[in-house]
Amino acid sequence: DILSEHPFIKVVGIAGPGDPLDNEETFETFRLIHENYPDLILCVSTNGLLLPEKIDLLEKYGVTNITVTMNALDPEVGAKIYQYIDYHGKRLYAGKTMAETLINNQLKGIEMAVEKKMLVKINTVYIPGINDSQIVEIAKKISSMGVYIHNIIPLIAQAKFAHLKPPTVEEKLAMQEQCKPYVRQMSHCQRCRADAVGCLGKDI
């Protein structure tokens, strides 16, 4: 039993596979943990598409920390980032309607989570040449909504962005400095593996 061997572990998070809010196993896992280990902090990482309709279920099963990955506020920029979304049985391909659906749901879900006194973190992937202009705007917007912290993550150059150069450490720090006046910036992200167990920098 991980908890008996490592009693310092206080948080359980689910960040996949795919978007966890689209998997029934996510909610069954949270239910079982909440019933058997009520003192553990439960968190979920999501793209936010289904957050408005799943927020009550997350609250029911004791999830108190929500991370939403939000990479654009402008649908025109969002359409350059996301190839498609699967929403209520339909696949919406890249375009303004697709991006507007995602962004509107993200904002609504964030608003609802804050209203429920959940701790909300926003992850933003810094994609040079694509969403540079969006990141400070995201910081301003989420600050006005009561989000706790903002985590700027450098792009991993792969898939459709394999040809792009990730931001340098200096560029990331400069972007954080621009965002700091609006919302607290997270500086200790370790890009945890999906099956990580342990504490920051000490995966067991």
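Here is a short report on the structure shown in this document. What you see is a predicted model; the values in this text were computed from it and never measured.

1. A closer look at the packing of helix α3 (residues 51-60) against helix α5 (residues 96-115)
Packed helix pairs are characterised by how far apart their axes lie and by the angle those axes make with each other. Viewed as axis vectors pointing N to C, α3 and α5 meet at an angle of 25°, and their least axial separation amounts to 8 Å. Compared by their axis directions, α3 and α5 come out roughly parallel. Touching Leu-51, Pro-52 and Ile-55 of α3 are Asn-105, Lys-108, Gly-109, Ile-110, Met-112 and Ala-113, all from α5.

2. Considerations on helix α2 (residues 24-36)
Compared with the 18 Å implied by 1.5 Å per residue over 13 residues, the 19 Å span of α2 between its first and last C-alpha is a close match. Among the residues of α2, Thr-26, Phe-27, Phe-30 and Ile-33 are the ones counted as buried. Taken down its axis, α2 places every buried residue within 130° of arc, on the same side. Facing away from the buried side of α2, by more than 90 degrees, are the exposed residues Glu-24, Glu-25, Glu-35 and Asn-36. Elements that come into contact with the buried residues of α2 comprise β1 (11-14), β2 (41-46), α3 and β3 (63-69).

3. Some thoughts on the side chain of Lys-121
Along the chain, Lys-121 turns up in strand β6 (residues 119-126). Buried charge Lys-121 goes without a salt bridge, the closest partner of opposite sign being Asp-19 at 13 Å. One polar contact links Lys-121 to Asn-123, side chain to side chain, over a distance of 3.0 Å. Contact partners of Lys-121, with chain neighbours within four places excluded, come to Ile-66, Thr-67, Val-68, Val-147, Ile-149, Asn-151 and Met-186.

4. Quick look at the packing of helix α6 (residues 132-145) against helix α7 (residues 169-179)
Where α6 contacts α7, the axes come no closer than 9 Å and their chain directions differ by 35°. Crossing handedness for the pair α6 and α7: right-handed. In this structure, α6 contributes Asp-132, Ile-135, Val-136 and Ala-139 to the contact, and α7 contributes Met-175, Gln-178 and Cys-179. Looking at the contact of α6 with α7 residue by residue, the class counts come to five nonpolar, one polar and one charged.

5. Quick notes on the nonpolar core
Counting 37 residues, the largest nonpolar core has Phe-30, Leu-58, Ile-66, Ile-110 and Ile-122 as the members making the most contacts within it. Elements that contribute at least two residues to this core include exactly α2, β2, α3, β3, α5, β6, α6 and α7. Ranked by residue count, the leading element in this core is α6, at six residues. Residues in contact with Phe-30, not counting those within four places in the same chain, are Val-12, Ile-14, Leu-42, Cys-43, Val-44, Leu-58, Tyr-61 and Val-63. Grouped together as the second largest cluster of nonpolar side chains are 13 residues, Ile-81, Ile-85, Leu-102 and Val-125 included.

6. Side note on the environment of Ala-15
Note on placement: Ala-15 falls in the loop between β1 and α2. On the accessibility criterion, Ala-15 (60% relative accessible area) is exposed. Considered as a pair, Ala-15 and Ser-45 are 30 residues apart in the sequence and their alpha carbons are 4.7 Å apart.

7. A few points about the pairing of β3
When β2 meets β3, the two strands line up parallel, connected through five bridges. Of the residues in β3, the one forming a bridge with Val-44 is Ile-66. Between the parallel elements β2 and β3, the chain passes through α3 in a crossover that is right-handed. In the sheet, β3 pairs with β6 via five bridges, with the strands oriented parallel. Across the sheet, Ile-66 pairs through a bridge with Val-120, a residue of β6.

Reading the values: the criteria
Residues numbered from 1 in each chain as written. Predicted model: local features only at pLDDT ≥ 70, side-chain atom pairs only at ≥ 80, totals over all residues. Heavy atoms only, no water. Axes fitted to C-alpha atoms, helices over the stretch in contact; angles between N-to-C directions. Helix = DSSP H or I, 4+ residues; strand = E, 2+ residues; numbered from the N terminus. Parallel < 35°, antiparallel > 145°, perpendicular 65-115°, else oblique. Contact = heavy atoms within 4.5 Å. Expected span 1.5 Å × (residues − 1). Buried < 20%, exposed > 50% of the residue type's maximum accessible area, 1.4 Å probe, protein only. Arc of directions from axis to C-beta. Lys, Arg positive; Asp, Glu negative; His and termini not counted. Salt bridge = Lys/Arg side-chain N within 4 Å of Asp/Glu carboxyl O. Polar contact = N/O pair within 3.5 Å; in protein donor to acceptor, adjacent residues only side chain to side chain. Left-handed = near helix turned anticlockwise from the far one by under 90°. Nonpolar A, V, L, I, M, F, W, Y, C, P; charged D, E, K, R; others polar. Core = buried A, V, L, I, M, F, W, Y, C linked by side-chain atoms within 4.5 Å. Pairing = 2+ DSSP bridges. Right-handed = clockwise from strand over helix to strand, strands pointing away.

What is shown is where atoms sit, not what they do.
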